[in-house]
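Structure at a glance
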Amino acid sequence: QVQLVESGGGLVQAGGSLRLVCAVSTEIFRFSHMAWYHQAPGKQRVFVTSIHSGGSTSYVDSVKGRFTISRDLSKNALYLQMNSLKPEDTGVYYCNVQSLRPFSDYWGEGTQVTVSP
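This section reports on the structure supplied with the text. Bear in mind the structure is a predicted one, so any value in this text is a computation, not a measurement.

Rules used in this analysis
- Residues numbered from 1 in each chain as written.
- Predicted model: local features only at pLDDT ≥ 70, side-chain atom pairs only at ≥ 80, totals over all residues.
- Heavy atoms only, no water.
- Buried < 20%, exposed > 50% of the residue type's maximum accessible area, 1.4 Å probe, protein only.
- Helix = DSSP H or I, 4+ residues; strand = E, 2+ residues; numbered from the N terminus.
- Pairing = 2+ DSSP bridges.
- Contact = heavy atoms within 4.5 Å.
- Salt bridge = Lys/Arg side-chain N within 4 Å of Asp/Glu carboxyl O.
- Axes fitted to C-alpha atoms, helices over the stretch in contact; angles between N-to-C directions.
- Core = buried A, V, L, I, M, F, W, Y, C linked by side-chain atoms within 4.5 Å.

To continue, consider the pairing of strand β10 (residues 104-107). Only one face of β10 is covered, namely the one carrying Ser104 and Tyr106; the face carrying Asp105 and Trp107 has none of its residues buried. In textbook terms, the turn of a hairpin is the stretch between consecutive antiparallel strands, and for strand β9 (residues 91-99) and β10 this stretch comprises four residues.

Quick look at the structure:
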């Protein structure tokens, strides 16, 4: 069973920065798709950003230019650099990894981010 553990969340003022880390218990090169999702209070979990095995990335419009996803194959870790944070970025951030053949899909427990006005 693959385990994902997120860390790096916390309380920050608007305009501040945080760096989230997702530690994966196995080699991440095997995953074709790695992503971060956000669940705001009282809302559904939504996609934020992803990175594919070839290195291509995608972002939801609301975080473009502010958030950066990256990975370290040697450390089996996924990162989310969050800059210029806004109160609407508040919520729990989840790490997700997927492989296609065979299909697998794993989630972490999440890390709380709170941005004060």
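By the secondary structure assignment, Gly108 is in the loop between β10 and β11 (111-116). Considered as a pair, Gly108 and Trp36 are 72 residues apart in the sequence and their alpha carbons are 9.9 Å apart. Contacts of Gly108, omitting those with residues within four sequence positions, involve Leu4, Glu6, Tyr94 and Cys95.

Per the counting criterion, the structure on display carries three salt bridges. The partner of Arg30 in a salt bridge is Glu27, with the nearest N and O atoms 3.2 Å apart. A relative accessible area of 46% places Arg30 in the partly exposed class. Of the residues examined, Glu27 reaches a relative accessible area of 36% and is grouped as partly exposed. Taking the shortest distance from any N to any O, the salt bridge between Arg66 and Asp89 comes out at 2.8 Å. Of this pair, Arg66 sits in the loop between β6 (57-59) and β7 (67-72) while Asp89 sits in the loop between β8 (77-82) and β9, and the two are 23 residues apart along the sequence.

Here we come to the sheet that holds β8. Taken together, four strands build an open sheet; the order of strands is β1-β3-β8-β7 and the sheet is antiparallel. A single partner strand is all that each edge strand has here, and the edge strands are β1 (4-7) and β7. On average, each strand axis in the sheet is inclined to that of its neighbour by 15 degrees, with strand direction left out of account. Bridge count between β1 and strand β3 (residues 18-24): four bridges; the pairing is antiparallel. Within the sheet, the bridge partner assigned to Ser7 lies in β3 and is Val21.

In terms of nonpolar packing, the biggest core is built from 26 residues, with Trp36 and Tyr93 touching the most fellow members. Elements represented by at least two residues in this core include exactly β3, β4 (33-39), β5 (45-52), β7, β8, β9 and β11. Sorting elements by how many residues they give to this core places β3 first, with four residues. Non-local contacts of Tyr93, meaning those with residues more than four positions away in its chain, are made with Glu6, Leu20, Trp36, Tyr37, His38, Val48, Phe67, Leu80, Met82, Gly110, Thr111 and Val113.

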